[in-house]
Amino acid sequence: MLKLENVSGGYGGEPVIQDISFSVAQGNFFGILGPNGSGKTTLLKMISGLIPNSSGSIQLNNRNIDLFSRKALAQKMAVLPQLTAHAFSYTVRETVALGRYAHHEGFFQTWTSDDERVLQTVMEQTNITGFQHQTIQELSGGEQQRVFLAQALAQEPDLLLLDEPTNHLDLAYQKDLLDLLKKGTKHDGLIVVSIFHDLNLASLYCDRLLLLEKGKERAIHSPDGVLKEHLIQDVYKTNVRKYPHPVVAKPQMHLLPDALEMHNKPIKIDSSMLSVKTDRIALTSPIPLRTLSSGVCGAGIGWNNQFVNRHVPDDYYCADPADEMQAYLETNGFDVSRTVGMMTAVDLKNVAHSHSENKGVSLFTVVTAGTENATDSARPVAQTLAQGTINIWLFVNGCLTDQAFIQAIMTATEAKAQALKELDIHDKWTGTIATGTSTDSILVAATQQGRSVPYAGAATELGQLIGQSVFTETKKAIINDQGK
Amino acid sequence: MSTLNFLKNKYLTAYALAVAFLLASMLTAISVGSVSVPVSDIVKIIGAHVFRLPIADQVETTNVNIVSQIRLPRVLLAGFVGASLAIAGAAFQGLLRNPLADPYILGVSSGASVGAVATLFLNISIPFLGLYTLPVFSIAAALLTILLVLFFARRVDRTMRVETIILTGIIFSSFLGAFISLIIALTSDQLQQIMGWLLGSVSMRGWNYIGIIVPFFVIGSLLLLMNARELNAMSFGEERAQHLGVDVEKRKLMVLVAGSILTGAAVAVSGAIGFVGLVIPHLARRLWGPDHVHLLPLSILTGAGFLMLTDLVSRTIISPQILPIGVITALIGAPVFALILMKQRRRS
């Protein structure tokens, strides 16, 4: 257990660190964040005993750290330094073996079997046994860092301190190193206290975070409590956006570059960018649009600037349509990584589209529809998929929040259902009024410039545009299709 | 455990080689000269001295005298000087994390030289010290310099970082060097004597000089050997060493004092012999690795052997003229060093 109580201090004169208190229990990973010059390294050096604290107390296992001798402290606490150059070519084994120094007494220490056991264990843990006879200078940065981690672990510490351990390491090594440390906390009850520059890494691995500002505590909490937009913006003086990690339940911060090209050139998506051919409808935007969509490829949340609704024959069958669609897009010159692709069996010349505008927000709606497959979603019936799909594209010239995207989809879906009801289209299986087809797709794409649109419910300006245009264009497209 | 055996064998070979080199150098250096003494005689004479046995009759008396009165003390002195400079150099290189550091970096040799040169210039001779006035003054000056350098470095920076120590050494070296130049400029009669001393020599010193250097050599070497592991840790950086559990301030002071004692004593008895303290540790590290636990003793053995050989060259190469040993160490040392450097750079 590491415990700091009202710790202040620094390099003499004005104390760099002022009144810091926190404690870290066994098995916990604690991160220290803060901009350059906020005193992170000074605080770490005070904990490691390199710089004395002028007031307050730093305790390790309920004992003041200044009461430990250097050797006794090194048995409890190890430090993993930042990667530096080394003058001499010690072998990996010699380097790691130095970690046992603190456990030796007297002038002519002998290497015991216990030392050898620890040495072998830590070399295996850090996966460096294979090059134990090589010199450290022959190793890559990532391997060297593992050697020094092994050296620190050879001290068999209760507490491991790290100063930006992932500095100069490439992506995979960063992850490997932090995974290893995390494992140490979970399996061996190690306490890890580490300085991080990278807020996102800190969020992923730390149980708790301390945010320092000018030597004082600004926040101390779980990652969710510290990585708040306003807090980070205020302390780091830069714009960030918080976003959840796609897989792990931890927040991530995204930087917002000032020099965004998209602010330079106002863009308006309309029918001039649409091309309708017999085999596909495509829309190409000069800038990437933020999109929320379902489809065969490029679906989900993302940034795309090409949108394809491809005609497939009635009897189209493919085991892996996504794969086949990608191949199709590539052969036709689309960049798959920036394209949302949908499929439909309906005749594309029956497409309906319109442009509408309301108080600075404008909307371009494109609908293709076939209803052979109409379904009442309130009465689901297992059925073989016949062809017939309603694909709706909504291009919004405005800046939408995530919430507005979701509301746009709700509004559009409701309007679509209303259109089917008005045209009295029935589910063939249940005989009830259909709400859509079983293979419908939808796309909402926004330029993210111009007016900001926080909501898109039915009562809002955008909501009204969406409701009206989806209702009208869906009807038009269905009627076109029925008239074939 | 096979790893441990491998390492043991590696160092066993190293020590066997170094001891063999030392013995071979010693016997050759004693044997060769204006009068050649057969190796068998040398062994008998030394054996007799060591085991207090009577010398076998077949050994000529002149050979006995040459060996025990002239060659042996001279070779041993060269050995102690070489060993002192080499181990001090190895320790300083490790401590200062600089493979190009040498024992003179702290200005200790300049201090010792000022003491010696002043003694020669002023013709000082303290009655009961007699001939030993010079080494005694020289050692006193060396010790005074260490104290001043360390005191000054500590005043500048309480933790005495490596950079501070090196800069302090440069300041003191140049300041004391100026004194030496001043004395040389002012002198006329003792110029030859002063220059001869400055270039370094182990000739005509006798057993008493060995008596002067041995205690310093023993104390200094023991102090350094006791700090071998700490030197390993400190050669990774002082903060690193502290984190590994080394009491850096105390250990650093011990190494600095021990290295300075060794250097000061060596300079006092033989003058400022260059290159040994730089090349030998460097070579030993290249051959057997940087682990100070072995590097320090191996440097002692090879440094001693090396200086015995260079002294042999200095007195035989254009015999009967005796060249200053410092000239030979530089003439041999510099090209060897250049070769090592070239090979090393080409490899990496």
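Residues numbered from 1 in each chain as written. Chains lettered and ligands numbered in written order. Predicted model: local features only at pLDDT ≥ 70, side-chain atom pairs only at ≥ 80, totals over all residues.

Chemist: Can you explain the overall build of chain B? Please cite residues and give values.
Modeler: For chain B, the helix and strand inventory stands at 14 helices and zero strands. Listed N to C, the secondary structure of chain B is α-α-α-α-α-α-α-α-α-α-α-α-α-α in terms of helices and strands. For chain B, the C-alpha radius of gyration of 21 Å lies close to 20 Å, the compact-globule estimate for 348 residues. Each principal axis of the C-alpha distribution contributes one length, and for chain B these read about 65 × 65 × 40 Å. The buried share among the 348 residues of chain B stands at 50%. A separation of at least 24 residues holds for 76% of the contacts in chain B among residues at least 6 apart in sequence. (Helix = DSSP H or I, 4+ residues; strand = E, 2+ residues; numbered from the N terminus. Rg over C-alpha atoms; globule rule 2.2 N^0.38 Å. Buried ≥ 20, exposed ≤ 12 C-beta atoms within 10 Å, placed from the backbone. Contact = placed C-beta atoms within 7 Å.)

Chemist: Lay out the overall build of chain A in plain terms, naming residues and giving numbers.
Modeler: Assigned secondary structure in chain A consists of 12 helices and 24 strands. The C-alpha radius of gyration computed for chain A amounts to 31 Å, which surpasses the reference 23 Å derived for 484 residues by more than 25%, pointing to a less compact arrangement than a globule. Counting only C-alpha atoms and orienting by the principal axes, one finds that chain A spans roughly 100 × 50 × 45 Å. Looking at chain A as a whole, 44% of its 484 residues are labelled buried. Considering only residue pairs separated by 6 or more positions, chain A has 72% of its internal contacts joining residues 24 or more positions apart.

Chemist: Lay out the nonpolar core in plain terms, naming residues and giving numbers.
Modeler: Of all hydrophobic cores here, the largest spans 174 residues; its most connected members are Val193(A), Val81(B), Ile87(B), Ala91(B), Ile213(B) and Ala265(B). By residue number, the principal contributor to this core is helix H3 (residues 61-95) of chain B, which donates 18 residues. Apart from residues lying up to four places away in sequence, Ala265(B) is in contact with Ser84(B), Ile139(B), Ile213(B), Phe216(B) and Phe217(B). Core analysis: the next-biggest nonpolar cluster, separate from the first, contains 59 residues, Val308(A), Val340(A), Ala446(A) and Val453(A) among them. (Core = buried A, V, L, I, M, F, W, Y, C linked by C-beta atoms within 7 Å.)

Chemist: Run through the domain arrangement of chain A, naming residues and quoting values.
Modeler: When its domains are assigned, chain A resolves into domain 1 (2-255) and domain 2 (271-483). For domain 1 of chain A versus domain 2 of chain A, the separation of C-alpha centres amounts to 51 Å. (Domains from an automatic or database assignment.)

Chemist: Could you give an account of the interface of chain B and chain A, with specific residues and numbers?
Modeler: Residue-level contacts link 22 residues of chain B with 22 residues of chain A. Going through the elements one at a time, helix H9 (228-234) and helix H10 (238-244) of chain B are the ones with two or more residues in the side of chain B that touches chain A. In the side of chain B that touches chain A, the residues fall into seven nonpolar, eight polar and seven charged. (Nonpolar A, V, L, I, M, F, W, Y, C, P; charged D, E, K, R; others polar.)

Chemist: Can you explain H3(B)? Please cite residues and give values.
Modeler: Residue and element names in this part refer to chain B. Spanning 35 residues, H3 covers 49 Å between terminal C-alpha atoms, matching the ideal 51 Å at 1.5 Å per step. Buried residues dominate H3, accounting for 27 of its 35 residues. Backbone geometry just after H3 places Arg 97 at a positive phi near 55 degrees. (Expected span 1.5 Å × (residues − 1).)

Chemist: Lay out the packing of helix H8 (residues 206-226) of chain B against helix H11 (residues 248-270) of chain B in plain terms, naming residues and giving numbers.
Modeler: Residue and element names in this part refer to chain B. It is at 8 Å that the axes of H8 and H11 come closest, and there the two elements cross at 160 degrees. With respect to H11, the axis of H8 lies roughly antiparallel. Note on packing geometry: the crossing formed by H8 with H11 is left-handed. Contact with H8, carried on its side by Tyr 209, Ile 212, Ile 213, Phe 216, Phe 217, Ile 219, Gly 220, Leu 223 and Leu 224, involves Met 254, Val 255, Ala 258, Gly 259, Ile 261, Leu 262, Ala 265, Ala 266 and Val 269 of H11 and no other residues of that element. (Axes fitted to C-alpha atoms, helices over the stretch in contact; angles between N-to-C directions. Parallel < 35°, antiparallel > 145°, perpendicular 65-115°, else oblique. Left-handed = near helix turned anticlockwise from the far one by under 90°.)

Chemist: Help me get a handle on the packing of helix H4 (residues 108-122) of chain B against helix H7 (residues 191-199) of chain B, residues and values and all.
Modeler: Residues and elements named next belong to chain B. At a minimum axis distance of 10 Å, the contact between H4 and H7 shows a crossing angle of 160 degrees. Relative to H7, the element H4 is oriented roughly antiparallel. Crossing geometry of H4 relative to H7 is assigned as right-handed. Residue-level contacts link Ser 113, Ala 116, Val 117, Leu 120 and Phe 121 of H4 to Gln 193, Ile 194, Trp 197 and Leu 198 of H7. For the contact of H4 with H7, a count of residues per class yields seven nonpolar, two polar and no charged.

Chemist: Tell me about the UniProt feature "transmembrane region" (unreviewed entry) in chain B, residues and numbers included.
Modeler: Listed under "transmembrane region" (unreviewed entry) in the UniProt record, and renumbered for this structure, are residues 12-32, 75-92, 104-126, 132-153, 165-186, 206-226, 253-280 and 322-342 of chain B. Strand forms 0% of residues 104-126 of chain B and helix 65%; the C-alpha atoms that close the span are 28 Å apart. (UniProt positions renumbered as here; feature names shortened; annotations may be inferred.)

Chemist: Tell me about the sheet that holds strand S6 (residues 77-80) of chain A, and name the residues and values.
Modeler: All names here are of chain A. Taken together, six strands build an open sheet; the order of strands is S6-S7-S8-S3-S9-S10 and the sheet is mixed. Strand pairing shows two members of the sheet lacking a second neighbour, S6 and strand S10 (216-221), which therefore form its edges. Taken pair by pair, the neighbouring strands of this sheet meet at an average axis angle of 20 degrees, ignoring direction. In terms of strand pairing, strand S9 (residues 208-213) meets S10 through five bridges, oriented antiparallel. Considered in S10, the bridge of Leu 209 is made with His 221. (Pairing = 2+ DSSP bridges.)

Chemist: Quick one: what's the story with the environment of Gly274(B), residue by residue and with numbers?
Modeler: All names here are of chain B. As for its position among the elements, Gly 274 is in the loop between H11 and helix H12 (276-288). In this structure the C-alpha to C-alpha distance between Gly 274 and Ala 334, which are 60 residues apart in sequence, comes to 10.0 Å. Look past the residues within four positions of Gly 274 in its chain and what remains in contact with it is Gly 326, Thr 329 and Ala 330.

Chemist: Residue-level account of the environment of Thr238(A), with values.
Modeler: Note that Thr238(A) resides in the loop between helix H9 (229-236) and strand S11 (240-244). Those residues in contact with Thr238(A), other than ones at most four positions away along the chain, are Gln233(A) and Leu255(A).

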